[in-house]
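Listed below are the residues making up each chain.
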Amino acid sequence: MKYALVVLAVIGITVSSLALREKYRPYGESVCDINDHWDCGIVNHSPYAVFPPSSEHGIPVAAIGIAGYLLLGALALRRFYRTMLILAVPALIFALYLAHIEQRVLGVWCLYCAISLGTISVITLLLVIAILVQTLRKRAA
């Protein structure tokens, strides 16, 4: 389980890094400007691409993602699954909030953000399964 979680964390770091690159790339030069519904440039240049939103000196959301996935990967190596779950649930909620912003406010999706949402969703699901298995094993012993 730990290696699956580490691989997912590396995927998360990668897509968050690509999203951060889009944040600092000149507007209109996005490599994932696919069509009217998929454009990472629009999403990563929006006021919601920093936290807190619209803040002049906010932290890029993608940088928060990189740090979060790094932490989750390090915790996975130590098999600190309960701590990971405590961190993964708010991360999943935040990713769902950002997906809501993409769908309802911006009207355009970021491919990197969608992959990150899928990644944190799978991490959270695997953590729930891992903790349940650990709990059942302890009770059986």
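Read on for a plain summary of the structure.

Procedures and definitions
- Residues numbered from 1 in each chain as written.
- Predicted model: local features only at pLDDT ≥ 70, side-chain atom pairs only at ≥ 80, totals over all residues.
- Heavy atoms only, no water.
- Helix = DSSP H or I, 4+ residues; strand = E, 2+ residues; numbered from the N terminus.
- Buried < 20%, exposed > 50% of the residue type's maximum accessible area, 1.4 Å probe, protein only.
- Contact = heavy atoms within 4.5 Å.
- Areas by Shrake-Rupley, 256 points an atom, 1.4 Å probe, with all protein chains shown as cover.
- Lys, Arg positive; Asp, Glu negative; His and termini not counted.
- Charge placed at Lys NZ, Arg CZ, Asp CG, Glu CD.
- Phe/Tyr/Trp six-rings, centres within 6.5 Å; stacked < 30°, edge-to-face > 60°.
- Salt bridge = Lys/Arg side-chain N within 4 Å of Asp/Glu carboxyl O.

1. Examining the overall build of the protein
The secondary structure content of the protein amounts to five helices and two strands. In the protein, the order of α-helices and β-strands from amino to carboxyl end is α-α-β-β-α-α-α. For the protein, the C-alpha atoms occupy an extent of roughly 60 × 25 × 25 Å along the three principal directions. When the 141 residues of the protein are sorted by exposure, 38% land in the buried category. For the protein, long-range pairs separated by at least 24 residues make up 68% of all intrachain contacts whose partners lie at least 6 apart in sequence. When the accessible surface of the protein is summed, it comes to about 8100 Å², and 67% of that surface belongs to carbon and sulfur atoms. Averaged over its 11 positive side-chain charges, the protein has a centre that lies 28 Å from the centre of its 7 negative ones.

2. Section: the packing of aromatic side chains
Across all of its chains, the model carries three aromatic pairs by this definition. A ring pair is formed by Trp38 and Trp109, whose centres lie 6.3 Å apart and whose planes are at 35°; its orientation type is tilted. Of this pair, Trp38 sits in the loop between α1 (2-24) and α2 (40-44) while Trp109 sits in the loop between α4 (81-106) and α5 (111-140), placing them 71 residues apart in sequence. Ring geometry for Phe51 versus Phe94: centroids 5.9 Å apart, planes at 90°, classification edge-to-face. Taken together, the residues span a long stretch of sequence, with Phe51 in strand β1 (residues 50-51) and Phe94 in helix α4 at a distance of 43 residues. For Phe51, a relative accessible area of 42% corresponds to the partly exposed category. An aromatic cluster is present here, built from Phe51, Phe94 and Tyr97 joined pairwise through their rings.

3. Re the pattern of salt bridges
Tallied over the full model, the rule gives one salt bridge. Measuring nitrogen to oxygen at the nearest pair gives 3.4 Å for the salt bridge that ties Arg25 to Glu22. The exposure classification of Arg25 matches that of Glu22, with both residues buried.

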